[in-house]
Amino acid sequence: MLGLYVHIPFCEHICTYCDFVKRVKKDDEMIINYIKALKRDYEEIKDLKFDTIYIGGGTPSMLNLKELEMLLEIFKDQKPLEYTIEVNPESYTPKKGLLFKQYNINRVSLGVQTFNENILKTLNRKHTNKDVFNTLRHLISMFSI
Ligand code: SF4
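Structure report, in brief. For every chain, the first residue of the written sequence is number 1, and numbering continues from 1 along that sequence. Where totals are concerned, whole chains, interfaces and linings use all residues; where local detail is concerned, this predicted model gives features only for residues with pLDDT of at least 70, and gives and counts side-chain atom pairs only at 80 or more. Just so you know, side-chain values use all the structure's heavy atoms and leave hydrogens and water out.

Overview of the packing of helix α1 (residues 28-43) against helix α2 (residues 65-74)
Consideration 1: Interaxial distance between α1 and α2 falls to 10 Å at its minimum, and their mutual angle equals 5°. On the basis of their axis angle, the class for α1 and α2 is roughly parallel. Of the residues in α2, those in contact with D28, I31, I32, I35, K36, L38, K39 and Y42 of α1 are E67, M70, L71 and I74.
Consideration 2: Throughout, the ten residues Ala, Val, Leu, Ile, Met, Phe, Trp, Tyr, Cys and Pro are labelled nonpolar, Asp, Glu, Lys and Arg are labelled charged, and all others, Gly among them, are labelled polar. The residue makeup of the contact of α1 with α2, split by class, is 8 nonpolar, no polar and 4 charged. Only the stretch in contact is used when fitting a helix axis, every axis being a line fitted to C-alpha atoms; angles between N-to-C directions are given from 0 to 180 degrees. For helices the rule is a DSSP run of H or I covering at least 4 residues; for strands it is a run of E covering at least 2, with both sets numbered from the N terminus onward. Roughly parallel means an angle under 35 degrees; roughly antiparallel, over 145; roughly perpendicular, 65 to 115; everything else is oblique. Only heavy atoms enter the contact rule, under which two residues are in contact if any of them lie within 4.5 Å.

Here it is, written out as structure tokens:
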């Protein structure tokens with residue numbers, strides 16, 4: 001099986017335990033330039049047919065709708081069996097969920113970490129349990145799972 005991993009190295013905040021490659025964006029242009037660079041790289045492998053695509057980070061869900069659309073448009077000709085995006089509950093919106101569905105994303109990896117809100121604060125996570133349940137509720141209604 002052939003898998004494509006796409007890294008989005010931007011986060012709205014830095015969690016205390018994190019070892020991933022990430023940074024807080026300097027400005028919006030930084031993200032647009034990164035997506036353009038991804039597109040250029042992808043041109044070299046676009047004829048391959050991927051069984052899976054995984055968009056991870058960083059925090060892919062922190063991109064705004066326009067940036068997400070620009071990103072997902074790059075891979076629109078792929079028909080992977082499994083198409084995943086990582087989401088942090090505080091940056092999910094129903095409009096982003098609909099966009100994921102429109103581009104045939106069929107798996108969401110949700111960064112919950114813990115339901116203990118004191119530990120979330122210690123970890124410098126910015127979501128609440130309410131954000132997690134709202135995100136899950138919308139995803140379940142949309143994907144009918
Ligand atoms: S949101 Fe994820 S990638 Fe970003 S700092 Fe926290 S753990 Fe690391």
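Picking up where we left off.
A few points about unusual backbone geometry
The phi angle of most residues is negative, glycine excepted, and most peptide bonds adopt the trans form.
Consideration 1: Backbone torsion omega between G57 and G58 reads 25°, so that peptide bond is classified as cis.
Consideration 2: Positionally, G58 belongs in the loop between β4 (52-57) and α2.
Consideration 3: Although it is not a glycine, Q113 sits at a positive phi angle of roughly 70°.
Consideration 4: With respect to the helices and strands, Q113 occurs in the loop between β6 (107-110) and α4 (117-122).

Re the nonpolar core
Consideration 1: Nonpolar cores are built from buried Ala, Val, Leu, Ile, Met, Phe, Trp, Tyr and Cys residues. Side-chain atoms within 4.5 Å join them into one set. Think of it in three bands: with a 1.4 Å probe and only protein chains considered, a residue is buried below 20% of the maximum accessible area for its type, exposed above 50%, and partly exposed in between. Among the nonpolar cores identified, the biggest contains 32 residues, and V6, I8, I55, L71, L72, F75 and F100 are the most heavily contacted of them.
Consideration 2: For this core, the elements supplying multiple residues, two or more each, are β1 (3-8), α1, β4, α2, β5 (82-87), α3 (94-102) and α5 (129-143).
Consideration 3: Looking at this core element by element, the count peaks at 5 residues for α1.
Consideration 4: Leave out the neighbours within four places in its chain, and L72 touches I55, Y83, L99, F100, Y103 and I105.

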